[in-house]
Amino acid sequence: MITAAAGAAGVFAATDLDDTVVLMVLFVTLRHAGRPRPWQIVAGQYAGIGALVAVAVVAAAGLLVVPDPWPGLLGLLPIALGIRALMSRGDDEPPAVVGSLLGVAGVTVANGVDNVAAYVPVFRSLDPATGLVWLLALALLVAVWCAVAAALGGTPGWWPWSAAPATGWRR
């Protein structure tokens, strides 16, 4: 069980390091603009990661009929999507502002192709009990990621039930 949780932590950290930066930007935006609210950031992150994990579990179940070496090639998908996005990038597009739970979830999903590519081969190889340990570890790690991002973004009182105002804090 500890090995499974450690494996989940390693894969999560490797695939969600970029989410720390995105979450930190959202918490800085909260501090300066008052939105999205802390509960929207946290709930949106959970919704986005939950959607990514659900897609990975469904894909892993579908890949049970595919020979073992092929699912590992899913790692090329994020690279291909990144190259495609780089090639079609326009410099005159205004930055998008995220101000809701669905917006945060959308950013998380858009930023999570690497999660799906990493989780599918893993979930394909796990038995149900180990898969449950992974799901619990991932749920706990989302909270840790939100806490780290809030601390780095200088946003105290980030918990969804916090009554602290969203603006006016000192660094």
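As a reminder, the structure under discussion sits directly above these lines.
A quick note: this is a predicted structure, and the numbers were derived from the prediction, not measured.

Student: What is the right way to look at the overall build of the chain in this model?
Tutor: Looking only at helices and strands, the chain has 6 helices and 0 strands in total. Residues classed as buried in the chain amount to 33% of the 171 residues present. Considering only contacts within the chain whose residues lie at least 6 apart along the sequence, 84% involve residues at least 24 apart. Accessible surface, the chain: about 9,700 Å² in total, of which carbon and sulfur atoms supply 72%.

Student: Mind showing me how you'd approach the packing of helix α2 (residues 38-62) against helix α4 (residues 101-110) here?
Tutor: How two helices sit against one another is set out by the angle between their axes and by the gap between those axes. Taken N-terminus to C-terminus, the directions of α2 and α4 make an angle of 40°; their axes are 7 Å apart at the nearest point. Of the possible angle classes, the one that applies to α2 and α4 is oblique. Note on packing geometry: the crossing formed by α2 with α4 is right-handed. Judged by residue contacts, W39, Q40, I41, A43, G44, Q45, A47, G48, I49, A51 and L52 of α2 engage L101, V104, A105, T108 and V109 from α4. Across the contact of α2 with α4, the residue classes tally to 11 nonpolar, 5 polar and no charged.

Student: Help me understand the nonpolar core in this model?
Tutor: It is characteristic of soluble globular proteins that their nonpolar side chains tend to be buried jointly. Ranked by internal contacts, the top residues of the largest apolar core, which has 31 residues, are F12, L23, Y119 and F123. When residues of this core are traced back to their parent elements, those giving at least two are α1 (2-33), α2, α5 (113-125) and α6 (128-152). Ranked by residues supplied to this core, first place goes to α6 with 10 residues. Not counting chain neighbours up to four residues away, the residues in contact with F123 comprise V53, A56, V57, A60, G131, W134, L135 and L138.

Student: Even after reading the chapter, I still don't get the packing of α2 against α6, so can you show me in this structure?
Tutor: Across the interface, α2 lies against α6 with an axial gap of 10 Å and an inter-helix angle of 145°. Crossing of α2 over α6 shows right-handed handedness. Contact with α2, carried on its side by V42, Q45, Y46, I49 and V53, involves L135, L138, A139, V142, A143 and C146 of α6 and no other residues of that element. Taken together, the residues of the contact of α2 with α6 sort by class into 10 nonpolar, 1 polar and no charged.

Student: Would you mind going over α5 with me for this structure?
Tutor: Along an α-helix, residues three or four positions apart point the same way, because every turn accommodates 3.6 residues. Between its first and last C-alpha, α5 extends 19 Å over 13 residues, near the 18 Å set by a 1.5 Å rise per residue. Where α5 bends most, the angle comes to about 30°, and this point is Y119, followed within four residues by the proline P121. Those residues of α5 lying buried are N115, V116, A117, Y119, V120, V122, F123 and R124.

Student: Help me understand the environment of P38 in this model?
Tutor: For P38, the location among the structural elements is in helix α2. Taking relative accessible area as the criterion, P38 reaches 14% and is therefore assigned buried. Measuring from C-alpha to C-alpha, the distance between P38 and C146 comes to 9.6 Å, with 108 residues separating the pair along the chain.

Student: What should I look at first to understand the side chain of Q45 in this one?
Tutor: Relative to the assigned elements, Q45 resides in helix α2. Dropping the residues within four chain positions of it, Q45 is found in contact with D19, L23, V104, T108, V142 and C146.

Student: Looking at this structure, how should I read the packing of aromatic side chains?
Tutor: Aromatic ring pairs are described here by two measures, namely the spacing of the ring centres and the angle between the planes. Scanning the model with the defined rule gives 3 aromatic pairs in all. Consider the rings of F12 and W145, whose centres lie 5.0 Å apart with planes at 75°: the pair is edge-to-face. Of the two residues, F12 sits in helix α1 while W145 sits in helix α6, which places them 133 residues apart along the sequence. Accessibility expressed as a relative area gives 12% for W145, which makes it buried. With a centroid separation of 6.0 Å and 70° between ring planes, the pair formed by F123 and W134 is classed as edge-to-face. Taken together, the positions of F123 in helix α5 and W134 in helix α6 put the pair 11 residues apart, joining distant regions of the chain. We classify F123 as buried; its relative accessible area is 11%. Using a relative accessible area of 5% as the deciding quantity, one classes W134 as buried.

The rules behind these values
Residues numbered from 1 in each chain as written. Predicted model: local features only at pLDDT ≥ 70, side-chain atom pairs only at ≥ 80, totals over all residues. Heavy atoms only, no water. Helix = DSSP H or I, 4+ residues; strand = E, 2+ residues; numbered from the N terminus. Buried < 20%, exposed > 50% of the residue type's maximum accessible area, 1.4 Å probe, protein only. Contact = heavy atoms within 4.5 Å. Areas by Shrake-Rupley, 256 points an atom, 1.4 Å probe, with all protein chains shown as cover. Axes fitted to C-alpha atoms, helices over the stretch in contact; angles between N-to-C directions. Parallel < 35°, antiparallel > 145°, perpendicular 65-115°, else oblique. Left-handed = near helix turned anticlockwise from the far one by under 90°. Nonpolar A, V, L, I, M, F, W, Y, C, P; charged D, E, K, R; others polar. Core = buried A, V, L, I, M, F, W, Y, C linked by side-chain atoms within 4.5 Å. Expected span 1.5 Å × (residues − 1). Bend = angle between axes of the 7 residues up to and from the residue. Phe/Tyr/Trp six-rings, centres within 6.5 Å; stacked < 30°, edge-to-face > 60°.

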